[in-house]
Structures are given as C-alpha cells and as structure tokens.
Amino acid sequence: MILSEADTLLAPVTQIDGFVLACLVDASTGMVLAARQGRDEISLPTAAAGAADIAHVLSLLAGQLAMNEGLEDVMVTFSDHFHVIYPVSPDPEARILLLVVLDRARTNLAMARREIRSFCLNFAS
Amino acid sequence: MSQLPRFSRARQLTASVWPGKVADDYDSLVAARFRKLAETASTGMLPFSGAGDGAIYFRDGTVVFARSTRTPGPSEPAGPGPAVPDAGPAAPDGTQPGNGAAGLAVRENPYTRLSAALAVAEPTVDATVELLVSESRFSKFRSVRSPVSESGPALDVERLLAEVARRRRIFDQLSPVVTADSPVARIPQLSGPDIRVSALQWALLIRTRDGSTPRSLAWELGRSVFGTTLEIYRLLALRLLSSAGQRGHRNGHDPQYGPATMSFVRAASPEKGGPMPADDHATRGGSGPEA
C-alpha cells in the first residue's frame, strides 16, 4: 500500500506454486503495507485483517502464558487454501507480518514454507 | 414555489451529484475534495482548521504527508530512508515526540526501506484520521512544495480513505472500553503469577500515571495515537491497566476486554449499507491461472 516498489518487494513470493495472494501487514495497526494478488477468489483486506487478528490473539496468549519465545510462523489450513503468516521483522517483537495465501490443491506446503522462510530472511538482511 | 424547506430542497438538488449520499455529509465532501485533487494530479497543501488544526500535503495527486496538532509527527530516521519534515508540532503540554519506528532504519534492505516509509506513512494516516474524525474545516488548496523528499511514500487517495474508514470502525469497536482520550491507570496487583509484555507495552506501562491517556502516551513515545490506543487496549486485556470511567465501571460491571471486542476482520467487513473498503489494494501478478 505505501511503497511504490511494493510490486518488486513481493515478486519472489508470487513464484510459489499455488500462489493466490500475499501482503505485508503492520501487525500493530492492521494496515496493509504492500500486496500482490494472483487470483480474486479471496478478499485481500479481510485476509490481511485476519492475519493481524491472529497475531493480536497470539500476543495475548504469549503475554498470559509468559512465554519467553518469539513467534516463528502460523499456518492455517482451510479446505481449499493455506494461509501462512510469517514475521519479517528481524527483532523478536514482530511488527511487520507477511501473509501468503496458497491454493491447497496446487501447493507443496513444505516447499512453500521453505521459500517463504527464505524470502523473509533475505527481506531483512 | 416549493413547499419544501430550503435545506431539504438543497439536498434533493444535490442528490444526483453524490448518489446514495446526503449532500451535507462531511465525509462525502472531504472524499470528493480528495478525489478532485487526485484527478487533477495536484501538488500542494489542503489546510484544516477547527477542532483539529493541520494540513494534508499532496504531490501529483497522491498524499505524501499530513500533520495535525493532536497527533505526533514523524521522528527523524537514524539511517537511510525518506527524508521527513520537522519533528512535528509539540504536544499541547509542550512534550516533543520521542523515537518512533524510524529509529529502526540503519542498514539498507527491503525491511529498513519499508520501516522508513512506514515511519512517515503511519503519522500521515494518523493525522488524517484525526482531522477527519474531528470534522475540521478545510480551506482553499494552496500550491506549496512538498515537505517530504521525492523518495518518500505516496499514498493513493482511495486507499487512504479506505484506511481512514477502517480505523474509524476500529475506534468505534474500542469506544465502550477505551478511546484515545480515556484516562487509564496502572493496576498495582497482577492478576496472574507471571506475565510477559513487549518492549512497547513496557514503555507504556512505566509512563502511565494519573491522568495519562492513550493520546498523551502517544506524544511521549512519538508513536501514532491509533497504534497507541490499540496497544493500551491490549494492556487492558492483559489486566495491567484499567480504564477509569468507562461504561462497564459506571454500570457496576467489569468491562469486557476479550479479543473479540476488537477485531480487524470485523473492521474490514463493514455492515451492509456502509462504504466498502477498497478491495484492489493488491498489484495483480503471480503464478495463478488468472494472473
């Protein structure tokens, strides 16, 4: 949303098999910072908001459980889609999240997870 | 001569200009003004005055910066990234904004560039929300040079309006529990044996004293009022803060702070009849068959 170079930022993620959409979300405010959408089957604002809500609930959980560990990723499996949420911030208190929605029938989840992880490492290094 | 009151007749006459909208609707007037500036690729400043003073700066029809006297401005970046204007207006009590997200920008990579852009975009959206929520009057558009560098973030008007609407819906959700101007107080006894908070939450906790509000804390930390209000809500949910004088307390019941009180998903899905958020945030691309 806010970066003119958003297209190129997320370009590597669009090459993942089964790519539906990807966006970078500010977890603290829920604002979409950059996005790319391959197919229209899912509402991008709603999917991004869902990722921010999940991060919000997990922060409450981590606070209440006094967990001394950072969030690595979240994978949500629907009947037709995977939603993969990954913090891209180098600091443990992740502020910027990457959400990637994939078509379950066309995705190898292990490979996709590896590619997303690699993207996030390159993004912040 | 028509028997209708003059005001109703004026509404009827202007109804075709904004179908489905009331002619004197402030939001419609602002949106129409913004869209006009976008269509004409205008560069300059739209000043606001009234309940909240400030201005919104346009460059080639996009919004590049906004300031309000009721929200902190951007902080100076510590490294590469878009230049930001002066540290912003002082708070009503003279407090200067502290270090915000811009302090993260040290080494050039996509993350630091995004953080630097966010360090300008977040206060811009925050100030715009404040100006529009307070229904400040806008006056004549002036041609002035943009206060931010060419490389700074540029926000599309439609996307900015959608984000402002989304934030207003979240403020509405939070209003029974906390608002930007609700006094909050620390709870001396922890409800659980152990608890974990983020660095930002800790910064808020140690600064909370009698009379603190999310807005005053936002000024102290140099962060957005919207983001700080959300973080205060999370501290209320963790029962580390209490919000005095809220509706629940007045009725003799504890207010409900559950995760369901505030939902980004609900804010992204407005009720029937309301304005829909822009659904075309994304750039088309990728490996999908329709791409």
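How each quantity is defined
Residues numbered from 1 in each chain as written. Chains lettered and ligands numbered in written order. Predicted model: local features only at pLDDT ≥ 70, side-chain atom pairs only at ≥ 80, totals over all residues. Helix = DSSP H or I, 4+ residues; strand = E, 2+ residues; numbered from the N terminus. Rg over C-alpha atoms; globule rule 2.2 N^0.38 Å. Buried ≥ 20, exposed ≤ 12 C-beta atoms within 10 Å, placed from the backbone. Contact = placed C-beta atoms within 7 Å. Expected span 1.5 Å × (residues − 1). Core = buried A, V, L, I, M, F, W, Y, C linked by C-beta atoms within 7 Å. pLDDT = per-residue confidence, 0-100. Axes fitted to C-alpha atoms, helices over the stretch in contact; angles between N-to-C directions. Parallel < 35°, antiparallel > 145°, perpendicular 65-115°, else oblique. Nonpolar A, V, L, I, M, F, W, Y, C, P; charged D, E, K, R; others polar. Pairing = 2+ DSSP bridges.

### Things to note about the overall build of chain A
- Along chain A, the regular secondary structure elements total 3 helices and 5 strands.
- Counting from the amino terminus, helix and strand elements in chain A follow one another as α-β-β-α-β-β-β-α.
- Here chain A has a C-alpha radius of gyration of 14 Å; the compact-globule value for 125 residues is 14 Å, and the two agree.
- When the 125 residues of chain A are sorted by exposure, 54% land in the buried category.
- Across chain A, the fraction of contacts at a sequence separation of at least 24, relative to all contacts at a separation of at least 6, is 54%.

### A word on the overall build of chain B
- A count of helical and extended segments in chain B gives 9 helices and 7 strands.
- Across the 291 residues in chain B, those meeting the buried criterion constitute 44%.
- Once local pairs closer than 6 in sequence are excluded, the contacts in chain B between residues at least 24 apart make up 69%.

### What about helix 2 (residues 44–65) of chain A?
- The terminal C-alpha atoms of helix 2 of chain A, which comprises 22 residues, lie 31 Å apart, in line with the 32 Å expected from a rise of 1.5 Å per residue.
- Trailing helix 2 of chain A by a residue or two, Ala66 of chain A shows a phi angle of about 55°, which is positive.

### So, the nonpolar core
- Counting 106 residues, the largest nonpolar core has Cys23, Val25 and Leu99 of chain A as its most contacted members.
- In terms of residue count, the dominant contributor to this core is helix 3 (residues 110–133) of chain B (13 residues).
- With residues up to four places along the chain from it excluded, the contact list for Val25 of chain A reads Gly30, Val32, Leu33, Ala48, Ala51, Ala52, Leu97 and Leu99 of chain A.

### Thoughts on the confidence of the model for chain B
Residues and elements named next belong to chain B.
- The pLDDT averaged across chain B works out to 76; a share of 66% of its residues lies at or above 70.
- The element-level mean pLDDT for chain B is lowest in helix 8 (residues 247–250), coming to 46, with helix 6 (residues 214–221) highest at 96.
- Confidence over residues 77–84 falls short of pLDDT 50; this stretch has 39 contacts with residues more than four positions distant or in other chains.
- Scored below 50 in pLDDT, residues 272–281 shows 20 contacts in the model against residues more than four places distant or in partner chains.
- Overall fold confidence (pTM) sits at 0.80, and the ipTM for the predicted complex is 0.89.

### Description of the packing of helix 3 of chain B against helix 7 (residues 225–237) of chain B
Residues and elements named next belong to chain B.
- One way to put it is that helix 3 packs onto helix 7 with a least axis distance of 8 Å and a crossing angle of 90°. Judged on the interaxial angle alone, helix 7 and helix 3 are roughly perpendicular. Taken together, the residues of helix 7 that come into contact with helix 3 (itself represented by Glu122, Asp126, Val129 and Glu130) are Val225, Phe226 and Gly227.
- Classifying every residue of the contact of helix 3 with helix 7 gives 3 nonpolar, 1 polar and 3 charged.

### Describing the sheet that holds strand 3 (residues 62–68) of chain B
Residues and elements named next belong to chain B.
- An order of 3-2-1-4 is seen for the 4 strands of this open sheet, with the pairing classed as antiparallel. Looking at the sheet topology across the chains shown, the edges are occupied by strand 3 and strand 4 (137–138).
- Here 5 bridges tie strand 1 (residues 44–49) to strand 2 (residues 54–59), and the two strands are oriented antiparallel to one another. Bridged to Phe48 within strand 2 is Gly54.
- The strands touched by helix 3 are strand 1, strand 2 and strand 3; relative to strand 3, the strand with the most contacts, the crossing angle is about 65°.

### Describing unusual backbone geometry
Residues and elements named next belong to chain B.
- A positive phi angle, near 50°, is found at Asp60, a position not held by glycine.
- Structurally, Asp60 is set in the loop between strand 2 and strand 3.
- Overall, the presence of 12 C-beta atoms within 10 Å leaves Asp60 in the exposed class.
- A positive phi angle is found at Arg239, which is not glycine, with a value near 60°.
- Take Arg239: it is sitting in the loop between helix 7 and strand 6 (241–243).

### A closer look at the pairing of strand 2 (residues 32–37) of chain A
All names here are of chain A.
- Counting buried residues in strand 2 gives 6 out of 6 residues, a clear majority hidden from the surface.
- Both strand 1 (residues 19–26) and strand 2 contribute to a ladder of 5 bridges, which runs antiparallel. Considered in strand 2, the bridge of Val25 is made with Val32.
- The antiparallel hairpin formed by strand 1 and strand 2 contains 5 residues in its connecting segment, where Gly30 sits at a positive phi of about 80°.

### Concerning the pairing of strand 1 of chain B
Residue and element names in this part refer to chain B.
- Hairpin connection between strand 1 and strand 2: a loop of 4 residues separates the two successive antiparallel strands, and Gly50 in this loop has a positive phi of roughly 125°.
- Pairing analysis gives 2 bridges linking strand 1 to strand 4, with the strands arranged antiparallel. Looking across to strand 4, one finds that Phe48 is bridged to Phe138.

### Re the environment of Glu130 of chain B
Residue and element names in this part refer to chain B.
- Secondary-structure assignment places Glu130 in helix 3.
- Its 27 C-beta neighbours within 10 Å are what place Glu130 among the buried residues.
- Taking the C-alpha atoms as reference, Glu130 lies 9.2 Å from Phe226; in sequence the two are 96 residues apart.
- With residues near it in sequence (within four places) discarded, Glu130 still touches Gly52, Ser68, Arg70, Thr71 and Val225.

### Focus on helix 7 of chain B
- An ideal rise of 1.5 Å per residue puts 18 Å on 13 residues; helix 7 of chain B measures up with 18 Å between its terminal C-alpha atoms.
- A positive backbone phi angle near 60° is found at Arg239 of chain B, which sits one or two residues after helix 7 of chain B.

### Structural notes on the environment of Asp91 of chain A
- Summarising the element assignment, Asp91 of chain A is placed in the loop between strand 4 (81–87) and strand 5 (96–103).
- For the pair Asp91 of chain A and Gly70 of chain A, spaced 21 residues apart in the sequence, the C-alpha separation amounts to 9.1 Å.

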